[in-house]
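Inside the fold
So you can see what is in the structure, the chains are spelled out below.
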Amino acid sequence: SINYDQIKEAASYHPKPQNITYTYGTAGFRMKADLLDSVIFRVGILAVLRSKKLDSKTIGIMITASHNPEQDNGVKLVDPYGEMLEQSWENYATQLANAQTEDELVDVIKQIISSNNIDESKTANIVYARDTRPSGPALVSALVDGLKSLNAKIIDFGIKTTPQLHYVTRCYNVKGTEDDYGEPTEEGYYKKLSTAYRKTVEGKQRLTPINIDAANGVGAPKMRELNQYIGNEYLEAILINDDYKTQGKLNYQCGADFVKTGQKLPTGSNIKPGDRAASFDGDADRIVYYYIDEENTFKLLDGDKIAGLAGGFIIDLVKTAGLEGIDVGVVQTAYANGSSTTYLEKVLNVPVSCVPTGVKHLHHEAEKYDIGVYFEANGHGTVLFSKKALKTIRSAEGQTAEQKEAIEKLRALTDLINQTVGDALSDLLLVETILTNRQWSLKKWDQAYSDLPNRLVKVIVENRHIFKTTDAERKLLEPVGLQEQINELVSKYKNGRSFVRPSGTEDVVRVYAEAATREECDELAYKVAGLVY
Ligand code: NG1
Ligand code: ZN
């Protein structure tokens, strides 16, 4: 059982800095790496308690700060099936991180144990990984100190993408059961994805090369490895911004966030009209596509476009397979472009739900459908297949050759798609599969609908916590009266839409606006920002 003196002794080497309050937010803990030592030590402790609580299930820990600058880092916990840490435990993370002294830390641990009836004698199983950040190794050693102070059984999964860590966590917990998810190894991950990919594109003509900007992050070596399993004859990937070893390059003027935010090519890209390109973020859980049209205009195919492409393809397969009993739905956030929502609802006739920002909200909503497609506009997303859908797809036989083929494809998709979390590598293969099957160019894909001009601005305010939202963050409750003023402005613009919410990851308020033209959209964003400021 737990030795509190051992914990205090270990904790004394990882003291909490004074005058800092940590919060476990949408993306776990994330900040300048040099402030994270004590936090990571304590996250280790929390993971151990979580594993004990869940009957020794393996808990995952990922050390990454995704698309943030290289000097940042962060940490988040992964629950047994590869989902984000259950929300009710986020508070414990925050409490542990903010305990000032070793005695206070022990008190918090004891409280968590007693309020959750945790059996101290259970073994704790933990798997952890990190991205390529230079601060990673030191933070890993703080983590290991925390884990060892509670005698956990630890697996070091090494340098991995965030989705690979989610994948392996699930694999460990369901191995040998009817929900088996594959081999809990990096190789198992590549084999599962590559085998499925080859099945779905077999017999189709290979597309022109896909140029991949890997944000100089962990996605570079991992994509290269995946491509070796797939084989060049099935997928031709050209990697740029793949220098994950030189300090200062990670996410610098490249990567999915840079491309999406700036609506421009990453540094180092020299794609020409007709070329195909995509960008990952620093931990390879997001992806956006783009191309240059004949007028040399940059065209972005973001998470909304991917949701439309994937939704349309899956609906077609389900229909062709004769599996009408399976319902398909799409989940978005308020940041989804209005045109994408209209396309999904009116053209594809698929139900669309809108939820608050943050992957866990999208994920949980998507679980309500037999097949739930979810994507944030920024390129984070995946497709979830319910138990019912998996069972139906696995047991379906089909009468005609056409039906059989559609069933086979659906089956392969359930392996191709990383159902634990959005995954740039898996999502890339999903998009490539669909485009190969349809023999579509990026331009053809883009023609499904045209994005409304949109603008996202950050406003620095004195206290962002006074902004309270409702209706999936689309309306403000407080400050009282502000929403009415926004409505008044919005009503003056054709196709106008605007909303204001406090960021969960930065100390800013975000203002989003869209309207029929670029000028009107910018004006609306500017005026709404003026109300907030
Ligand atoms: P916040 O900072 O709460 O807006 C941002 C992104 C989210 C999500 C989280 C987690 C936007 C507008 N917001 O959240 O989509 O990815 O970070 O990383 O892109
Ligand atoms: Zn990321």
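Preceding this section is the structure that the text describes.
Residues numbered from 1 in each chain as written. Chains lettered and ligands numbered in written order. Predicted model: local features only at pLDDT ≥ 70, side-chain atom pairs only at ≥ 80, totals over all residues. Heavy atoms only, no water.

As for the overall build of the chain
What the chain contains, in helices and strands, is 18 helices and 19 strands. The C-alpha radius of gyration of the chain comes to 23 Å, within 12% of the 24 Å expected for a compact globule of 533 residues. With respect to the principal axes defined by its C-alpha atoms, the chain has extents near 65 × 55 × 45 Å. Among the 533 residues that make up the chain, the fraction classed as buried is 58%. In the chain, the proportion of contacts linking residues at least 24 apart, taken out of those at least 6 apart, comes to 71%. Accessible area of the chain: about 21800 Å², with a carbon and sulfur share of 47%. (Helix = DSSP H or I, 4+ residues; strand = E, 2+ residues; numbered from the N terminus. Rg over C-alpha atoms; globule rule 2.2 N^0.38 Å. Buried < 20%, exposed > 50% of the residue type's maximum accessible area, 1.4 Å probe, protein only. Contact = heavy atoms within 4.5 Å. Areas by Shrake-Rupley, 256 points an atom, 1.4 Å probe, with all protein chains shown as cover.)

Some remarks on the nonpolar core
Formed by 79 residues in total, the largest nonpolar core has its most connected members in F280, Y289 and L428. At 10 residues, helix α10 (residues 303-321) tops the list of elements feeding residues into this core. Beyond its immediate chain neighbours, meaning those up to four positions away, L428 contacts I210, I212, M223, L235, A278, F280, I287 and Y289. Within the second largest apolar cluster, 48 residues are counted, among which are L36, L49, I113 and I126. (Core = buried A, V, L, I, M, F, W, Y, C linked by side-chain atoms within 4.5 Å.)

Some remarks on the sheet that holds strand β18 (residues 497-502)
Within a sheet, adjacent strands bond to each other through the backbone by hydrogen bonds, running parallel or antiparallel. In space, the 3 strands of this open sheet follow the order β15-β19-β18, with antiparallel pairing throughout. The open sheet has two edge strands, β15 (454-459) and β18, and neither has a second partner. Between one strand axis and the next, the sheet turns through 15 degrees on average, direction left out of account. (Pairing = 2+ DSSP bridges. Axes fitted to C-alpha atoms, helices over the stretch in contact; angles between N-to-C directions.)

A few points about the site of ligand 1
Taken together, the residues surrounding ligand 1 are R286, Y335, T357, E376, N378, L456, R501, S503, G504, T505 and R510. Note that an oxygen atom of ligand 1 is positioned 2.9 Å from one of the side-chain N or O atoms of N378. Between R510 and ligand 1, the recorded distance is 2.6 Å, taken from a side-chain N or O atom to an oxygen atom. If ligand 1 stood free it would expose 430 Å²; the protein chains cover 86% of that surface. Broken down by class, the residue content of the shell around ligand 1 amounts to 2 nonpolar, 5 polar and 4 charged. (Near = heavy atom within 4 Å. Polar contact = N/O pair within 3.5 Å; in protein donor to acceptor, adjacent residues only side chain to side chain. Nonpolar A, V, L, I, M, F, W, Y, C, P; charged D, E, K, R; others polar.)

Let's talk about the coordination of the zinc ion (ligand 2)
Donor atoms from the polypeptide that bind the zinc ion (ligand 2) are S66 (OG), D281 (OD), D283 (OD) and D285 (OD), placed at 2.0 to 2.1 Å. Coordination geometry of the zinc ion (ligand 2): the 4 donor atoms subtend angles of 86 to 170 degrees at the metal centre, consistent with an arrangement described as irregular. Written as a sequence motif, the donor residues of the zinc ion (ligand 2) are S-x214-D-x1-D-x1-D. There is no split in this pair, since D281 and D285 are both buried. (Donors = N, O, S within 2.8 Å, 3.2 Å for Na, K, Ca; no water. Tetrahedral: all angles 85-135°; square planar, octahedral: opposite > 155°, others 65-115°.)

Observations regarding helix α3 (residues 87-98)
Helix length check: α3 (12 residues) gives 18 Å between terminal C-alpha atoms against 16 Å at 1.5 Å per residue, within 8%. Here α3 has its buried residues at W89, E90, Y92, A93, T94, L96 and A97. Those residues of α3 hidden inside the fold are in contact with β1 (29-32), α2 (37-53), α4 (102-115) and α12 (359-366). (Expected span 1.5 Å × (residues − 1).)

Things to note about the packing of helix α8 (residues 219-230) against helix α15 (residues 424-438)
Interaxial distance between α8 and α15 falls to 10 Å at its minimum, and their mutual angle equals 45 degrees. Of the possible angle classes, the one that applies to α8 and α15 is oblique. In the crossing of α8 with α15, the sense of the turn from one axis to the other is right-handed. Contacts between α8 and α15 involve K222, M223, L226 and I230 on the former and, on the latter, L425, L428 and L429. Taken together, the residues that form the contact of α8 with α15 break down as 6 nonpolar, no polar and 1 charged. (Parallel < 35°, antiparallel > 145°, perpendicular 65-115°, else oblique. Left-handed = near helix turned anticlockwise from the far one by under 90°.)

Here we look at the packing of helix α13 (residues 387-395) against helix α14 (residues 401-416)
Where α13 meets α14, the axes come as close as 9 Å, and the angle between the chain directions of the two elements is 135 degrees. Considered as vectors, α13 and α14 are oriented oblique to each other. As for the relative orientation of α13 and α14, their crossing is left-handed in sense. Packed against α13, whose contacting residues are L390, I393 and R394, the element α14 presents I407, L410, R411 and T414 at the interface. Each residue belonging to the contact of α13 with α14 can be placed in one class, and the counts come to 4 nonpolar, 1 polar and 2 charged.

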